[in-house]
Number of protein chains: 2
Amino acid sequence: MRQVVMTEPGQVVVEDRPDPVVEQPTDAVIRLAATCVCGSDLWPYRGVQQVDHQVMGHEYVGVVEAVGPQVRTVKPGDFVVGSFWASDNTCEICRAGYQSHCVHRTVMGSIGTQSERARIPLADGTLVATPGMPDAGLVPSLLAASDVLGTGWFAADAAQAGPGKTVAVVGDGAVGLLAVLAARQMGAERIIAFSRHPGRQRLAREFGATDIVEERGEEGAEKVKEMTGGLGAHSVVEAVGTQQAMMQAIHATRPGGHVGFVGVSHDVSIPGDLLFGTGIHLHGGPAPVRRYLPELIRLIWEREIDPGRVFDLTLPLEQAAEGYRAMDERRAVKVLLTP
Amino acid sequence: MRQVVMTEPGQVVVEDRPDPVVEQPTDAVIRLAATCVCGSDLWPYRGVQQVDHQVMGHEYVGVVEAVGPQVRTVKPGDFVVGSFWASDNTCEICRAGYQSHCVHRTVMGSIGTQSERARIPLADGTLVATPGMPDAGLVPSLLAASDVLGTGWFAADAAQAGPGKTVAVVGDGAVGLLAVLAARQMGAERIIAFSRHPGRQRLAREFGATDIVEERGEEGAEKVKEMTGGLGAHSVVEAVGTQQAMMQAIHATRPGGHVGFVGVSHDVSIPGDLLFGTGIHLHGGPAPVRRYLPELIRLIWEREIDPGRVFDLTLPLEQAAEGYRAMDERRAVKVLLTP
């Protein structure tokens, strides 16, 4: 089969690799209907993270082709969505809703899903079947559920977005934009998106943002305080992963408020006295997307939400390199790849 | 009146100062029934924090002597307990339960309550009257409610201690010990106290600790993981304020678990990637004691809890210096001063 490999920073190729097979009795093998490039794939692409001939991709939807003898909840022919962490969904951590920290977890990025087929470990715990074969128009949204929607949803949930709340979102990438959508679904009263990019501002507003702030860093946080009677937002999502973004998020939050952070932290350090003094709640990390998948699939299936709109460029898998370039240069919010 | 002053690190004196008066229409003046030395008073005492002829003390119970014309909820003759932050209890932040971040807050340490009398700003928002004049035996417990109990309670609450939970407490000072008591009251199943001090271990057990761990730092965290099937505690209280204590707390917590921190942060820095990778919740800061005061006073009044047992040395106000020395040398857990 064909599979995307990052040979070194900035170098993305598509190679022939052996077709995956069921290795463990709990495995499934799926044929990908769609996959995509993640904002986090840009860290190694830009050389911020080491990379050496690494298979790429951790987002996926597709059709089950084979299952191991212990798999019970999905069968060949099912259309499935899974998280970027494979999880058993039965351990104590999974049962508490933290499947991304499952005691038996496997990160799908180590297997790579920018490919024609993929082996999915712990298929019963990881995969959720859709009610039937989706229309082609639903596939991008279902793919979004696999990571960016689930991650934005977790961020909004971790920030305790809800009725009566003012929510601010740092980061106008796909995750940030979908955190806006999530906050709207959760009933937030006011949603402030930080963005300087006209196209992303537009999408943010379509997803439910009521206000756009172009200022960044301390200035951006100050602006949110001005807009909230000097107090700050109740809920702030941090969907970037830099020191500036984290500080912006913390400073934009009112005392007792909540920061939900999902940007993969790169050299971020949080001063203890700042956290002490501000009195905020801080929670985040790799999103337990599996917790939300059944609900997200339902919302997509019933066409209540359309998160697939974050994909503004679709390319054949063979043109993955162009997809990475487009995202790196911010010409595309998110690139869908069709195997 | 007589009032405690720290002239420089390590130097505590009792001086004559003018009696406080009602300055604002919302003020009250109280005559102290008891006051005490706080663990946080040791930071300047040890020179970790700057100090120069500073009035000391922020914990207090006593009898109202005078009130300003706008005070409605307490009157001369009432026995009252207040928090170490004066707060209006009506602003949006107070109404959300974060009175320690009230938009009109005043820190009582700037007024000083290791004294015979004290002016209490925003008396209606700050003070809670007891149902009547307390027996002498209840005074230490009511005094504890003013800070150490309220702070330990907030820490346990921030760590989401509750039924079925395993709670670990870093710090065997008065706040840590009372976080044990709080966790017990909140119904925690298992309470692990970190302590190497036999007397404090004993008190921790009397307050409800089911296990004592003597190891510290990474070793201490490892021990908690061993005791919890490799997962870590659901809830961890950090009641010290050092880097080691914060790291111990984070590492002892399971993914998705909660750290409640109330140790005043000194040079603490939390790596973003650690927080991201562990998936814990982090919340803390100066405790909004006022939120809990009515309930704490009720529990003390009905003799359901006896937090005053953290006071293991009582001295006249005039011997404040000896009180500081005893706490600095860890000869006393907490020193009560009688004006």
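Owing to the predicted nature of the structure, the values given are computational and were not obtained by experimental measurement.

Rules and cut-offs
Along each chain, numbering runs from 1 in the same order as the chain's sequence is written. To label them, take the chains in the order written and letter them from A, then take the ligands in the order written and number them from 1. Local features in a predicted model are, by the rule used here, given only for residues with pLDDT of at least 70; side-chain atom pairs are given and counted only at 80 or more, and totals for whole chains, interfaces and linings are based on all residues. Excluded from the side-chain calculation are hydrogens and water; included are all heavy atoms of the structure. Residue contacts are defined here by distance: any two heavy atoms, one from each residue, within 4.5 Å place the two residues in contact. Take the accessible area each of two parts loses on contact, using a 1.4 Å probe, and add the two losses: that sum is the buried area. The term salt bridge refers to a pairing of a side-chain nitrogen on Lys or Arg with a carboxyl oxygen on Asp or Glu at a separation within 4 Å. The term polar contact refers here to a pair of N or O atoms within 3.5 Å; inside protein, the definition further demands a hydrogen-donor-capable atom paired with an acceptor-capable atom, and it admits residues adjacent in sequence only when both atoms are side-chain atoms. Strands are runs of DSSP state E lasting at least two residues, helices are runs of H or I lasting at least four, and both sets are numbered from the N terminus onward. The pairing criterion for strands is at least two bridges between them, as found by DSSP. A least-squares fit on C-alpha atoms brings the copies together, and the residues used are those whose pLDDT is at least 70 in both copies. Partly exposed describes any residue whose relative accessible area lies between the buried limit of under 20% and the exposed limit of over 50%, with all areas from a 1.4 Å probe on protein chains only and scaled to the type maximum. Geometry is summarised by axes, namely lines fitted to C-alpha atoms with helices restricted to the contacting stretch, and by angles between N-to-C directions that run from 0 to 180 degrees. UniProt positions are given in the numbering used here, feature names are shortened, and annotations may be inferred rather than shown by experiment. What marks off one domain from the next here is an automatic or database domain assignment.

J.: Help me understand the interface of chain B and chain A in this model?
T.: Often the size quoted for an interface is simply the accessible area lost on bringing the parts together. Each partner contributes residues to the interface: chain B has 33 residues there, and chain A has 33 residues. In total, about 2600 Å² of surface goes out of reach between chain B and chain A, with carbon and sulfur atoms giving 66% of it. Linking chain B with chain A are 2 salt bridges, by the criterion used here. Put simply, chain B and chain A have 15 residue pairs in polar contact (both at pLDDT 80 or more) between them. Of all elements in the fold, only helix 2 (92–95), strand 15 (253–261), strand 16 (269–271), helix 10 (272–278) and strand 17 (281–284) of chain B reach the threshold of two or more residues within the side of chain B that touches chain A. The element that contributes the greatest number of residues to the side of chain B that touches chain A is helix 10 of chain B, accounting for 6 residues. Where strand 17 (residues 281–284) of chain A lies against strand 17 of chain B, 3 bridges are found, and the strand directions are antiparallel. Along strand 17 of chain B, the bridge assignment pairs H281 of chain A with H283 of chain B.

J.: Is there a simple way to think about unusual backbone geometry in this case?
T.: Glycine aside, residues mostly have negative phi, and peptide bonds are mostly found in the trans state. Residue and element names in this part refer to chain A. Although it is not a glycine, L122 sits at a positive phi angle of roughly 50°. Structurally, L122 is set in the loop between strand 9 (117–120) and helix 3 (123–126). Its identity as a non-glycine residue notwithstanding, Q160 has a phi of 55°, on the positive side.

J.: I keep staring at the environment of M56 of chain A and nothing clicks. Help me out?
T.: Residue and element names in this part refer to chain A. Tracing the sequence through the fold places M56 in the loop between strand 4 (54–55) and strand 5 (61–67). Counting along the chain gives 10 residues from M56 to R46, while the straight-line C-alpha distance between them is 14 Å. In this view, M56 contacts V4, V5, M6, D41, P44, G112, T113, Q114 and Y324; residues no more than four positions away in its chain are not counted.

J.: Quick question: what am I supposed to make of the relation of the copies chain B and chain A here?
T.: Copies of the same chain, two in number, are related to each other by a rotation about an axis and a translation along it. For the pair chain B and chain A, the relating rotation is 180°, the translation along its axis is 0.0 Å, and the fit reaches an RMSD of 0.0 Å. Taken together, the rotation angle and the small translation identify this as a two-fold axis. Comparing interface residues between copies, 100% of those in chain B also sit at the interface in chain A, which points to an isologous, same-surface contact.

J.: Would you mind showing me how to read the pattern of salt bridges here?
T.: For side chains bearing opposite charge, pairing can occur when the charged atoms are close. Within the structure shown, the criterion is met by 46 salt bridges over all chains. With its nearest N and O atoms 2.7 Å apart, the salt bridge here joins E302 of chain A to R298 of chain A. The exposure class of R298 of chain A is partly exposed, given its relative accessible area of 33%. Between R17 of chain B and E15 of chain B there is a salt bridge, with the nearest N and O atoms lying 3.0 Å from each other. Overall, R17 of chain B belongs to the partly exposed group, its relative accessible area being 28%. Shared partners join several salt bridges into a network, and the residues in it are E295, R298, E302 and E304 of chain A.

J.: What should I look at first to understand the sheet that holds strand 13 (residues 211–213) of chain A in this one?
T.: Within a sheet, each strand pairs with its neighbour through backbone hydrogen bonds, oriented either parallel or antiparallel. Strands sit in the order 13(A)-12(A)-11(A)-14(A)-15(A)-17(A)-17(B)-15(B)-14(B)-11(B)-12(B)-13(B) across an open sheet of 12 strands; the sheet is mixed. Unpaired on one side and paired on the other, strand 13 of chain A together with strand 13 (211–213) of chain B mark the two borders of the sheet. The average undirected angle you get between the axes of adjacent strands in this sheet is 20°. Relative to strand 14 (residues 233–238) of chain A, strand 11 (residues 166–170) of chain A runs parallel, the two sharing 4 bridges.

J.: Looking at this structure, how should I read the UniProt feature "domain: Alcohol dehydrogenase-like N-terminal" (unreviewed entry) in chain A?
T.: Using the residue numbers shown here, the UniProt feature "domain: Alcohol dehydrogenase-like N-terminal" (unreviewed entry) corresponds to residues 25–122 of chain A. The annotated region residues 25–122 of chain A carries 8% helix and 31% strand content, and the separation between its end C-alpha atoms amounts to 9 Å.

J.: I tried to follow the side chain of D27 of chain A on my own but got confused; where do I start?
T.: All names here are of chain A. Tracing the sequence through the fold places D27 in the loop between strand 2 (11–16) and strand 3 (28–36). At a separation of 2.9 Å, a polar atom in the side chain of D27 contacts the main-chain amide nitrogen of E23. At 2.8 Å, the side chain of D27 and the backbone nitrogen of Q24 are in polar contact. Setting aside anything within four residues of it in sequence, one finds D27 in contact with V21, V22, V67, G68, V71, R119, I120, P121, L122 and A123.

J.: Teacher, can you tell me more about the sheet that holds strand 2 (residues 11–16) of chain B here?
T.: All names here are of chain B. Strand order across the open sheet formed by 3 strands is 2-1-4, with antiparallel pairing between neighbours. In this open sheet, the two edge strands, each paired with only one partner strand, are strand 2 and strand 4 (54–55). Sheet analysis places strand 1 (residues 2–8) next to strand 4, joined by 2 bridges and oriented antiparallel. Within strand 4, the residue paired with M6 across the bridge is Q54. In the packing of helix 12 (residues 320–328) onto the sheet, contacts are made with strand 1 and strand 2, and the angle to strand 2 comes to roughly 155°.

J.: What should I look at first to understand the domain arrangement of chain A in this one?
T.: Residues and elements named next belong to chain A. For chain A, the assigned domains are domain 1 (2–147 + 288–338) and domain 2 (152–284). Placing a centre on the C-alpha atoms of domain 1 and another on those of domain 2 gives a separation of 26 Å. Taken together, the contacts link 20 residues of domain 1 with 20 residues of domain 2. Of the roughly 1800 Å² buried between domain 1 and domain 2 on both sides combined, carbon and sulfur atoms contribute 64%. For the pair domain 1 and domain 2, the interface holds 3 salt bridges. Salt-bridge contacts for E206 lead to R309; the nearest nitrogen and oxygen are separated by 2.0 Å. Viewed at the interface, domain 2 and domain 1 are joined by 7 residue pairs in polar contact (both at pLDDT 80 or more). Looking at the side of domain 1 that touches domain 2 element by element, the count peaks at 4 residues for helix 11 (residues 289–301).

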